[in-house]
Amino acid sequence: MGGYGLSDGVMAETLLEHVKQNDLPSIRERIQAAQRRKAESKYGQWGVEAYESFLIQLDVLDNTDPEMTLQRLREQGLYRLLFGKLLSMERTEDAVAVVTEHLTTPYERLQVLPTLSAAGHDDTAVRLAQETLNNQFDDQLAHWLAECYTTRGDQNALFDLRRACMQHNPVNHIMLRSNKLPRASHPSTRHKLQFDLPVFSSSAQKFPDKSEQQRVILQLRAQGWSYREIADEVGLHWTRVGQIVKSMRTNTG
Amino acid sequence: MIYRAIIEESLLEDHYPVDGEGEFVMALNDVLEHLAECLEQDELAQDDTERRAILDRLLDAYI
């Protein structure tokens, strides 16, 4: 049957590590067939992209001309992958052009800008995020941009962003408050409440103490939360939540 | 061999519907991880037939 997205965690690494050159044609054929099936299904775009991502790695293994890979990605309109491939080829200008032209929504930008920033193009990533927010405000992208400003120590930009957040979403703006921002370092706004809410970028930050994390997971589970709901709450993948619940049950008999 | 057999059986069409909480899928993922670890053993990694059989089962699950 397959198609569950099973073995996502091990497939690429295992295959690429143990595959031999003469295995490649048949593997490629099977992946392409699966990709075609996904393309025909109503919600199959994620699958098309996942399989294409794998094919890109096969291309590298069998020395396919990178231009052919790029062409294939363009033809399929897989611009996030096209961006990634161009960036890996150090064709930054082309990669940024793809973002500017094709990846224009806040969601799409949030998928690529952290990668662009991590590749050493922080200024460009920040500029693109600012442009996007000016056109269409988005909490998630604003949150990422706030983290960038905090890292840079750009408190003026952070203040402006927080004010924009308040205007767009008066309730949730407190989530953008950086715990590094000194109190009273900016002019007062109409919002007087100050909340010391840390900005969590990972589960490890939110739960430095693993036993506390496990306690919370078990507590929520006991309250009837699903694995997926707990996963959203604690910042883990739902399968990991399931493993923790099972392991705790086993350990406590 | 046992891991491969579990995967072959589990992937049969309509035999095992995916449960809401994903426990079946998680268990299957565990098996896949163990199967992938088998390739770390030199004797299996060097045996082309065995190696390919393992890769094929992983691929079955992936697609």
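Residues numbered from 1 in each chain as written. Chains lettered and ligands numbered in written order. Predicted model: local features only at pLDDT ≥ 70, side-chain atom pairs only at ≥ 80, totals over all residues.

Engineer: Please clarify how the overall build of chain B should be interpreted in this entry.
Structural biologist: The number of helices and strands found in chain B is four helices and zero strands. In chain B, the succession of helices and strands from N to C terminus is α-α-α-α. Taking the contacts inside chain B whose residues are at least 6 apart along the sequence as the reference set, 54% of them involve residues at least 24 apart. (Helix = DSSP H or I, 4+ residues; strand = E, 2+ residues; numbered from the N terminus. Contact = placed C-beta atoms within 7 Å.)

Engineer: I tried to follow the nonpolar core on my own but got confused; where do I start?
Structural biologist: Nonpolar side chains in soluble globular proteins tend to be buried together. Core analysis: the biggest nonpolar cluster contains 30 residues, and Phe83(A), Val99(A), Ala129(A) and Leu145(A) have the highest contact counts within it. Ranked by the residues each element gives to this core, the list is headed by helix H9 (residues 139-152) of chain A, at seven residues. When sequence neighbours within four positions are dropped, the list of residues in contact with Leu145(A) reads Val126(A), Ala129(A), Leu133(A) and Leu161(A). Ranked by size, the runner-up nonpolar core spans 22 residues in total, among them Leu58(A), Leu35(B), Ala36(B) and Ile63(B). (Core = buried A, V, L, I, M, F, W, Y, C linked by C-beta atoms within 7 Å. Buried ≥ 20, exposed ≤ 12 C-beta atoms within 10 Å, placed from the backbone.)

Engineer: I keep staring at helix H7 (residues 106-118) of chain A and nothing clicks. Help me out?
Structural biologist: Along an α-helix, residues three or four positions apart point the same way, because every turn accommodates 3.6 residues. Residue and element names in this part refer to chain A. Taking 1.5 Å of rise per residue, 13 residues should cover 18 Å, and H7 covers 18 Å from first to last C-alpha, within 8% of that figure. Of all bends in H7, the biggest is about 30 degrees, found at Val112, and the proline Pro114 comes one to four residues later. Buried within H7 are the following residues: Pro106, Arg109, Val112, Leu113, Leu116 and Ser117. In this fold, the buried residues of H7 make contact with helix H5 (79-88), helix H6 (92-102), helix H8 (122-135) and H9. Following H7 by one or two positions, Gly120 adopts a phi angle in the positive range, close to 95 degrees. (Expected span 1.5 Å × (residues − 1). Bend = angle between axes of the 7 residues up to and from the residue.)

Engineer: Help me out: how do you make sense of unusual backbone geometry in this one?
Structural biologist: Glycine aside, residues mostly have negative phi, and peptide bonds are mostly found in the trans state. Residue and element names in this part refer to chain A. Even without a glycine there, the phi angle at Asn63 is positive, about 55 degrees. Checked against the element boundaries, Asn63 lands in the loop between helix H3 (45-61) and helix H4 (66-76). Backbone geometry at Glu90 places phi at a positive 60 degrees, although glycine is not the residue there.

Engineer: Would you take a moment to explain the packing of H5(A) against H7(A) for this structure?
Structural biologist: Pairs of packed helices are described in terms of their axes, by the angle between the two and the distance that separates them. Residue and element names in this part refer to chain A. Following both chains from N to C, one finds H5 and H7 inclined at 5 degrees, their axes separated by 10 Å at the closest point. As the angle between them shows, H5 and H7 are arranged roughly parallel. Across from Arg80, Phe83, Gly84 and Leu87 in H5, the residues of H7 making contact are Gln111, Val112 and Thr115. Tallied by class, the residues present in the contact of H5 with H7 amount to three nonpolar, three polar and one charged. (Axes fitted to C-alpha atoms, helices over the stretch in contact; angles between N-to-C directions. Parallel < 35°, antiparallel > 145°, perpendicular 65-115°, else oblique. Nonpolar A, V, L, I, M, F, W, Y, C, P; charged D, E, K, R; others polar.)

All quantities given are derived from atomic positions and should not be read as evidence of function.
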